Amino acid sequence: MKPKIVRTVAALRRETRAWRSSKLTCAVVPTMGALHEGHLTLVREGLARADRCIATIFVNPKQFGASEDLSRYPRDEDADVRQLAKAGCNLIFAPPPEEMYGDGFSTTVSLEGPAKAGLEDRFRPQFFDGVATVVAKLFIQSGADYAMFGEKDYQQLMVVTRMARDLDIPIEVVGIPTVREEDGLAMSSRNRYLSPAERKHATAIYGALTLAAEKIRAGIDPQTATRSATLALTTQGFKVDYVTARNATTLAVPAVRGEPLRLIAAAWLGKTRLIDNIPV
Ligand code: PAF
């Protein structure tokens, strides 16, 4: 069944109020559209935990930098709605920008900690303020019990988890393992920008991370392992922003042996920036 689409906060609240009065729980899947199997997995996982699932579709201008082209971001609402219907999504919240950021909008949610780990924040300084602000609004607007996020954007997952905890927003942020193509490439809306040759080559990031994780598990120190991964990717034509091992929760540089680690990478292949991460 085609999910209902609402475009105002008032209409969203009418729907969720009716669910709550029938004692139904709900999950929210925040997206910027251009949906792929990774997003649909989040909807299905949301429905495995809650009675109802809302997907939000909003290309958030506040998380784009001056050099990042907001107007070039892929948009195809009809295709998104068809896919969400198949996944069993109950409601779509797709507000216009003026509904989210009305005249005189003046508030920014800004975090330290995982938002300042020196990963994405180093290359996209405005990004996490934009994400935390819009996600805080979506959590409050939806009143959802669960929020579903992919582990693919690992720093984002840590940031929104911390933000919900710090602001006492009564929602459980759930991280879902990255959905991968058959050759290991993490699914992403940006993969559509890759040429066929680049697409074939793009899986090298996952390969380099997997090898580095194996080395760390075999006792090689994380810095040496990630340095080799950087070198391997650079030799293969990637422009590497970072390949690094971090504490899996705080994203701090590892300080003690045996702490849980996450290997995290960002690299350019031609004009496309790819990110990926895996547990050690
Ligand atoms: O991951 C995304 O698509 C976006 O950063 C999010 C969480 C929907 C906020 O705009």
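As shown above, the structure is provided for reference.
Caption draft 1: A look at the side chain of Asp 121. Topologically, Asp 121 is positioned in helix α5 (residues 120-123). Despite its burial, Asp 121 pairs with no opposite charge; the closest candidate is Arg 122, at 6.6 Å N-O. Separated by 2.8 Å, the side chain of Asp 121 and the backbone nitrogen of Leu 119 make a polar contact.

Caption draft 2: Structural context of the site of the ligand. In the vicinity of the ligand, the contacting residues are Pro 30, Thr 31, Met 32, Asn 60, Gln 63, Val 131, Val 134, Val 135, Phe 149 and Gln 156. A distance of 2.6 Å is found between an oxygen atom of the ligand and a side-chain nitrogen or oxygen belonging to Gln 63. Take Gln 156: an N or O atom from its side chain is 2.7 Å from an oxygen atom of the ligand. Taking 290 Å² as the accessible area of the ligand by itself, protein coverage stands at 88%. The class makeup of the residues in the shell around the ligand is six nonpolar, four polar and no charged.

Caption draft 3: Inspection of empty space enclosed by the protein at higher detail. Evaluation of the coordinates by the stated rule reveals two cavities of 30 Å³ or more. In this model, the largest cavity occupies a volume close to 70 Å³. In terms of lining residues, the largest cavity is bounded by Lys 152, Leu 185, Ala 186, Ser 188, Asn 191, Ala 202, Ile 205, Tyr 206, Leu 274, Ile 275 and Asp 276. Elements represented by at least two residues in the lining of the largest cavity include exactly α9 (204-217) and β9 (272-279).

Caption draft 4: Main features of the layout of surface pockets. By volume, the second largest pocket is sized at about 430 Å³. Around the second largest pocket, the lining comprises 20 residues; the ones closest to its centre are Asp 221, Pro 222, Gln 223, Pro 254 and Leu 261. At the level of elements, α10 (222-235) and β7 (239-247) are the ones that each hand at least two residues to the lining of the second largest pocket. Of the residues contributing to the lining of the second largest pocket, the split by class is ten nonpolar, five polar and five charged.

Caption draft 5: Up close: the sheet that holds strand β8 (residues 261-269). One open sheet accounts for three strands, arranged β7-β8-β9; its pairing is antiparallel. Here the strands that pair on one side only, and so sit at the sheet edges, are β7 and β9. Between one strand and the next, the sheet's axes are offset by a mean angle of 10 degrees, whatever the strand orientation. The pairing of β7 with β8 spans eight bridges and is antiparallel. Bridge assignment links Arg 246 to a residue of β8, and that residue is Arg 262. Of the strands in this sheet, β7, β8 and β9 touch α9, which is tilted by about 30 degrees from β9. Each of β7 and β8 touches α10; the most contacted strand, β7, lies at about 160 degrees to it.

Caption draft 6: Quick look at the pairing of β9. Extensive coverage of β9 is indicated by the burial of seven of its eight residues. Pairing between β8 and β9: eight bridges, direction antiparallel. Across the sheet, the residue bridging to Leu 263 is Ile 278, located in β9. Between β8 and β9, which pair antiparallel one after the other, the connecting turn spans two residues, and Gly 270 there sits at a positive phi close to 60 degrees.

Conventions we followed
Residues numbered from 1 in each chain as written. Predicted model: local features only at pLDDT ≥ 70, side-chain atom pairs only at ≥ 80, totals over all residues. Heavy atoms only, no water. Helix = DSSP H or I, 4+ residues; strand = E, 2+ residues; numbered from the N terminus. Buried < 20%, exposed > 50% of the residue type's maximum accessible area, 1.4 Å probe, protein only. Lys, Arg positive; Asp, Glu negative; His and termini not counted. Salt bridge = Lys/Arg side-chain N within 4 Å of Asp/Glu carboxyl O. Polar contact = N/O pair within 3.5 Å; in protein donor to acceptor, adjacent residues only side chain to side chain. Near = heavy atom within 4 Å. Areas by Shrake-Rupley, 256 points an atom, 1.4 Å probe, with all protein chains shown as cover. Nonpolar A, V, L, I, M, F, W, Y, C, P; charged D, E, K, R; others polar. 1 Å grid on protein atoms, 1.4 Å probe; cavity = no way out; pocket = protein on both sides within 12 Å on 5 of 7 lines; lining within 4 Å. Points joined across faces, edges and corners; volume = space filled by probe spheres on them. Pairing = 2+ DSSP bridges. Axes fitted to C-alpha atoms, helices over the stretch in contact; angles between N-to-C directions. Contact = heavy atoms within 4.5 Å.

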